[in-house]
Amino acid sequence: TNYLVIMAGGIGSRFWPVSTAQTPKQFLDMLGTGRTLFQHTVDRFKTICPPENILVVTSESYTEIVKEQCPELLDANILAEPCMRNTAPCIAYASYKIKKLNPKANIVVSPADHLIEDLDIFRKEVEKGLEFTANNKAILTLGISPTRPETGYGYIETTDKDADIARVAAFKEKPNLATAQEYLSQGGYYWNAGIFFWSVSTIIAAFEKYNPTLATTFQKGFDQLNTPQENTFIREEFPKCESISIDYSVMEKADNLFVQKATFSWSDLGTWGSLWEKSTKSQAGNVSAAAKTKFYESANNLVHTSSLKQVIIQGLDDYIVVESKGTLLICKKQEEQRIKEFLKDLEG
Ligand code: GDD
Ligand code: MG
């Protein structure tokens, strides 16, 4: 039986000031399609997994938003984290719960904030991945052909460039720029799409081997999962989990790692720049959402406003101009990774 776990507990800080801790980007209509990124995520798995087999792991402060946005999900399948502990504890929580529901379950894990096009290809490739992990004790991830030395992704070195599914030679999470450039010039590397496949027994065996502390926590609370005591256990023990991503915790260490080539169009809508890349642009490369914007002698900007009627931009190239909730951000597109830092300074 197939299960889907959606990780929807991030705060999307690089999309500030639109994405905030109160309403992070996955629950916003970032693309102007009338559906939020989270709703699109649920939609694209609909033919693969019935709603009763979809689990959403999120912060306890977002559980109401999740219910509102996807009323077809079961309340019992919305897992509330009392605090953010990154993706390893998030996946462990869902995995042990699923183990109790069905020890033979086969799982696909997906982020909640990606933009995926070519949905027919996507579905075929997800089904193929699930079939692989149903028949092999493998950790499988989808690999995207890299187009730039992006330092925000995990890199997968394959043992066979031509195979659809190949054993992974090495996994490196978020390398520095020099290393990423080297990978690109060497060839034979994929970006980790962040979409994982495994049977429940395989991922739990991996936690036992590579993160025994985390495994022990959930083994101890196993009897309480899916009972009225679950909440008490999670509130008590979850905050004690080490904050670490699945990529550092398991993917970099595992030896039964496989990669499946992904051929659909994929983008982690992680930053304003990635949204600009994906948007329909004017001839000069400008993108504007919401307010009526007039550009003069300006190119390759992204303007995103919420309460303004009109915006006029003159002599500006390669900038992000975002207005939301009384805040105005004007930032060079190249410097957008620093938005996290600006936000910290404001809060500090
Ligand atoms: N429930 C929960 N709890 N979800 C979380 C948490 C958490 O503490 N932290 C992050 N998430 C969710 C985010 O909302 C997102 O949907 C997903 O988990 C991935 O987290 P990101 O923070 O976006 O990870 P990343 O983009 O830096 O890196 C990961 O994804 C890349 C591709 O998009 C890694 O897997 C990389 O290797 C990969 O290349
Ligand atoms: Mg991401």
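Please read these numbers as outputs of a predicted model, since none were measured by experiment. (Residues numbered from 1 in each chain as written. Chains lettered and ligands numbered in written order. Predicted model: local features only at pLDDT ≥ 70, side-chain atom pairs only at ≥ 80, totals over all residues. Heavy atoms only, no water.)

A. Quick look at the pairing of strand β15 (residues 310-314). Only one face of β15 is buried: it carries V311 and I313, and the other face, with Q310, I312 and Q314, is open. The pairing of strand β13 (residues 292-296) with β15 spans five bridges and is parallel. By the bridge assignment, Y296 is partnered in β15 with Q314. (Buried < 20%, exposed > 50% of the residue type's maximum accessible area, 1.4 Å probe, protein only. Helix = DSSP H or I, 4+ residues; strand = E, 2+ residues; numbered from the N terminus. Pairing = 2+ DSSP bridges.)

B. Molecular detail of helix α1 (residues 37-44). In terms of residue burial, α1 counts as a mostly covered element, since six of its eight residues are buried. Close packing links the buried residues of α1 with β1 (2-7), β2 (54-59), α2 (63-69), β4 (106-111), β5 (114-116) and α4 (119-135). (Contact = heavy atoms within 4.5 Å.)

C. Quick peek at the packing of helix α3 (residues 87-101) against helix α7 (residues 212-220). Between α3 and α7, whose axes approach to 10 Å, the crossing angle comes to 35°. Crossing hand, α3 versus α7: right-handed. Between α3 and α7, the contacting residues are A88, P89, A92, Y93 and Y96 on the first element and L214, A215, F218 and Q219 on the second. Considered class by class, the residues forming the contact of α3 with α7 number eight nonpolar, one polar and no charged. (Axes fitted to C-alpha atoms, helices over the stretch in contact; angles between N-to-C directions. Left-handed = near helix turned anticlockwise from the far one by under 90°. Nonpolar A, V, L, I, M, F, W, Y, C, P; charged D, E, K, R; others polar.)

D. Examining the site of ligand 1 more closely. Around ligand 1, the structure places 25 residues, and the nearest of them are E173, K174, N192, D247 and D268. A distance of 2.9 Å separates an oxygen atom of ligand 1 from a polar atom in the backbone of N86. For the shell around ligand 1, the secondary structure elements donating two or more residues are β2, α3, β9 (189-199) and β11 (266-268). In terms of residue class, the shell around ligand 1 is made up of 10 nonpolar, eight polar and seven charged. (Near = heavy atom within 4 Å. Polar contact = N/O pair within 3.5 Å; in protein donor to acceptor, adjacent residues only side chain to side chain.)

E. How the structure looks around the layout of surface pockets. By volume, the second largest pocket is sized at about 350 Å³. In terms of lining, the second largest pocket is formed by 19 residues, of which the most central are D75, I78, Y93, E230 and N231. Elements with a minimum of two residues in the lining of the second largest pocket: α2, β3 (78-81), α3 and α8 (230-237). Of the residues forming the lining of the second largest pocket, the biggest block, four residues, is contributed by α8. Grouping the amino acids of the lining of the second largest pocket by side-chain chemistry returns eight nonpolar, five polar and six charged. (1 Å grid on protein atoms, 1.4 Å probe; cavity = no way out; pocket = protein on both sides within 12 Å on 5 of 7 lines; lining within 4 Å. Points joined across faces, edges and corners; volume = space filled by probe spheres on them.)

F. Representation of the environment of K137. When you line up the elements, K137 lands in the loop between α4 and β6 (139-144). Each C-alpha atom, one on K137 and one on A289, is 46 Å from the other, the two residues being 152 residues apart in sequence. Leave out the neighbours within four places in its chain, and K137 touches T202 and N256.

G. Broad picture of the packing of aromatic side chains. Within the structure shown, the criterion is met by 17 aromatic pairs. Centroid distance W191 to W266: 6.3 Å. Interplanar angle 50°. Geometry classified as tilted. Here W191, found in strand β9, pairs with W266, found in strand β11; they are 75 residues apart in sequence, far enough to count as distant. In this structure W266 comes out as buried when scored by relative accessible area, which is 9%. Both rings, one in F196 and one in W198, keep their centres 5.5 Å apart while their planes meet at 10°; by these two values the pair is stacked. The same class applies to F196 and to W198, which are both buried. A connected cluster of aromatic rings, assembled from ring pairs, spans Y93, Y96, F218, F222, F233 and F238. The lysine or arginine in question, K100, covers the ring of F222, its NZ or CZ lying 5.5 Å from the ring centre. (Phe/Tyr/Trp six-rings, centres within 6.5 Å; stacked < 30°, edge-to-face > 60°. Lys NZ or Arg CZ within 6 Å of the ring centre and 35° of its normal.)

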